[in-house]
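# Observations on the three-dimensional arrangement
What follows is each chain in one-letter form.
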Amino acid sequence: MPLLLGCIADDFTGATDLANTLVKHGMTAVQLIGVPIGPLPEADAIIIALKSRSIPAADAVRESLAALEALLAAGAKQIFHKYCSTFDSTDAGNIGPVADALLARLSSGFAIACPAFPTNGRTIFQGHLFVGGALLSESGMENHPLTPMRDPNLVRVLSRQTEGGVGLVPFAVVEQGPVTIRRALTRLAEQGRRYAITDAATDAHLMAIGEACAPHALITGGSGIAMGIPENFRRAGLLPPRPDAAVLPQARGAMAVLAGSCSRATLGQIGLARDHVPVLELDALATPDTAALTAQALDWAADKLSDTRPIVIAASASPDRVEALQKQLGRDAAGALIETTLANIAEAIVARGTGRLLVAGGETSGAVVLRLGVTALRIGPEIDPGVPWTYAEPNGIHLALKSGNFGGRDFFLKAFADA
Ligand SMILES: Nc1ncnc2c1ncn2[C@@H]1O[C@H](COP(=O)(O)OP(=O)(O)O)[C@@H](O)[C@H]1O
Ligand SMILES: O=C(O)[C@@H](O)C(=O)COP(=O)(O)O
């Protein structure tokens, strides 16, 4: 099976989100944790998951280029740079610097930038990103602990991260379909623009943009824009039908949720779970100490881990409490304290028989997955849009990595309902 699509994702939840989309649209996909050493597994798409969203831009560039080399060596025909559907980044990067470096290595001068994911409420109009009915900057993302998003105009946001020009393919053009979109992209490239933000409000728009980008060496965006890519490979006769792309081994063992996301969606999911299953909310402000928080959580969980209903351990907090902890410790140290604590807890509860683990939050998932020594994730059935169950190798446990913002209010219950 030749490798068709090589993907580089800037966090682990984002990588499973992308893999999930590709599997749903008929590709086999394997998610690898970090840059692999040695030959890549057989799949139509390989997604190399990095934890590079919030690290210094130069490090993100270096890791992304190493991932690109591995994918090119395996023969990837097209490269996909996956970032968040809410364009999570700072003015220092990392979306622009990474995309610039990938384009340069691919000897290409142009790519689209399209984080739209309409199924999850992320749409782009006149270059402005909306989350549900709100502008990005009024969606709660303005309070993100690591990458607060305070400007909804993506042309402006990306322009601050690259010296390449950034243009726009507006809604009226996207509406007209792939041929018109391709013409608009060609015009922007001829005008010397390096990127085009593409408006998109529906899946039909994403399919059309995907088709227009079939010849591009690099596509950048969220998982939504990936839905048009498998069809390009089918049209080219490269992708046969894949009927059993999402089957995983039987899940076993205790069920647990670890939450480190402070998004509105995750806070709502914790709130609902409280009425149904045991929930522990860690208070990092009162106890800003990893070892003590870990011990508290493990004592609490000792007689509650069960094969029949999940327990929830959450560090998540409201924006004012996050701000208070950050004032006390500094932003990065506060994030690291929580991530290390949840990784400690994950390691211990897996050792005590947890076989079905749901992690809420991208950075949090990164910390947990790295601690568990996971090297690859096979993608299984979708729980809610953008979040599948996965099978972790070599551990043999089932993991669901939930983007902070994804999932309905009953997500923590629904995920285990059929388990
Ligand atoms: N109570 C808290 N105070 C400060 N930071 C926190 C708190 N709880 C979690 N965090 C940090 O917030 C960040 C959330 O990011 P992430 O896990 O990527 O979630 P999301 O998917 O919502 O972006 C993590 O670094 C986490 O450690
Ligand atoms: O595109 C998305 O929204 C997700 O795939 C994603 O990247 C999630 O990031 P986190 O919200 O940090 O989990």
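As annotated in an unreviewed UniProt entry, the chain carries the name 3-oxo-tetronate kinase and is attributed to Plastoroseomonas arctica. Within the UniProt record for the chain, the comment given under Function (unreviewed entry) is "Catalyzes the ATP-dependent phosphorylation of 3-oxo-tetronate to 3-oxo-tetronate 4-phosphate." Regarding the chain, the UniProt comment filed under Sequence similarities (unreviewed entry) reads as follows: "Belongs to the four-carbon acid sugar kinase family."

## Here's the deal with the site of ligand 1
Taken together, 19 residues surround ligand 1, and among them His144, Ser261, Glu339, Glu363 and Thr364 come closest. Take Gly335: an N or O atom from its main chain is 3.0 Å from an oxygen atom of ligand 1. Taking Glu339, its side chain carries an N or O atom lying 2.7 Å from an oxygen atom of ligand 1. When residues of the shell around ligand 1 are traced back to their parent elements, those giving at least two are helix H11 (319–329), helix H12 (331–351) and helix H13 (362–372). When its residues are assigned to classes, the shell around ligand 1 shows eight nonpolar, nine polar and two charged.

## Details of unusual backbone geometry
The omega torsion of the bond from Gly93 to Asn94 falls at 15 degrees, within 30 degrees of zero and hence cis. Summarising the element assignment, Asn94 is placed in the loop between strand E4 (78–82) and helix H3 (95–105). Residues Glu393 and Pro394 are joined by a peptide bond in cis, for which omega reads 5 degrees. Topologically, Pro394 is positioned in the loop between strand E17 (387–393) and strand E18 (398–402). Of note in this structure, Phe87 is not a glycine but carries a positive phi near 55 degrees. If you trace the backbone, Phe87 turns up in the loop between E4 and H3.

## Observations regarding the packing of helix H6 (residues 178–190) against helix H7 (residues 203–212)
Taken N-terminus to C-terminus, the directions of H6 and H7 make an angle of 55 degrees; their axes are 8 Å apart at the nearest point. Considering their axes alone, H6 and H7 lie oblique with respect to each other. Judged by the sense of rotation from one axis to the other, the crossing of H6 with H7 is right-handed. Listed contacts from H7 to Pro178, Ile181, Arg182 and Leu185 of H6 are Ala208, Ile209, Glu211 and Ala212. Taken together, the residues of the contact of H6 with H7 break down into six nonpolar, no polar and two charged.

## Here we look at helix H1 (residues 12–24)
In an α-helix, one turn spans 3.6 residues, which is why side chains three or four residues apart end up on the same side. Taking 1.5 Å as the rise per residue, H1 with 13 residues should run 18 Å; its terminal C-alpha atoms sit 18 Å apart, in good agreement. Of all 13 residues in H1, 12 are buried; the element is thus mostly enclosed. Among all positions in H1, only Phe12, Thr13, Gly14, Ala15, Thr16, Asp17, Leu18, Ala19, Asn20, Thr21, Leu22 and Val23 are buried. Gly26 sits one or two positions beyond H1 and adopts a positive phi of about 95 degrees.

## Concerning the sheet that holds strand E6 (residues 122–125)
Strand order in the open sheet made by the three strands is E6-E7-E8, with antiparallel pairing throughout. If you trace the sheet from one side to the other, it starts and ends with E6 and strand E8 (134–135), each paired once. As paired elements, strand E7 (residues 128–131) and E8 share two bridges and run antiparallel to each other. If you follow Val131 over to E8, its bridge partner there is Ala134.

## Looking at the pattern of salt bridges
Under the defined criterion, the tally for this structure stands at 23 salt bridges. Between Arg331 and Asp332 there is a salt bridge whose closest N-O contact spans 3.3 Å. Classification of Asp332 by relative accessible area gives exposed; the value is 52%. Residues joined by salt bridges that share partners form a network here, namely Asp10, Asp11, Arg53 and Asp88.

## Examining the UniProt feature "domain: Four-carbon acid sugar kinase nucleotide binding" (unreviewed entry) in the chain
Residues annotated by UniProt as "domain: Four-carbon acid sugar kinase nucleotide binding" (unreviewed entry) correspond here to residues 256–412. Between the end C-alpha atoms of residues 256–412 there is a gap of 9 Å, over a span that is 43% helix and 25% strand.

Conventions and cut-offs
- Residues numbered from 1 in each chain as written.
- Chains lettered and ligands numbered in written order.
- Predicted model: local features only at pLDDT ≥ 70, side-chain atom pairs only at ≥ 80, totals over all residues.
- Heavy atoms only, no water.
- UniProt positions renumbered as here; feature names shortened; annotations may be inferred.
- Near = heavy atom within 4 Å.
- Polar contact = N/O pair within 3.5 Å; in protein donor to acceptor, adjacent residues only side chain to side chain.
- Helix = DSSP H or I, 4+ residues; strand = E, 2+ residues; numbered from the N terminus.
- Nonpolar A, V, L, I, M, F, W, Y, C, P; charged D, E, K, R; others polar.
- Axes fitted to C-alpha atoms, helices over the stretch in contact; angles between N-to-C directions.
- Parallel < 35°, antiparallel > 145°, perpendicular 65-115°, else oblique.
- Left-handed = near helix turned anticlockwise from the far one by under 90°.
- Contact = heavy atoms within 4.5 Å.
- Expected span 1.5 Å × (residues − 1).
- Buried < 20%, exposed > 50% of the residue type's maximum accessible area, 1.4 Å probe, protein only.
- Pairing = 2+ DSSP bridges.
- Salt bridge = Lys/Arg side-chain N within 4 Å of Asp/Glu carboxyl O.

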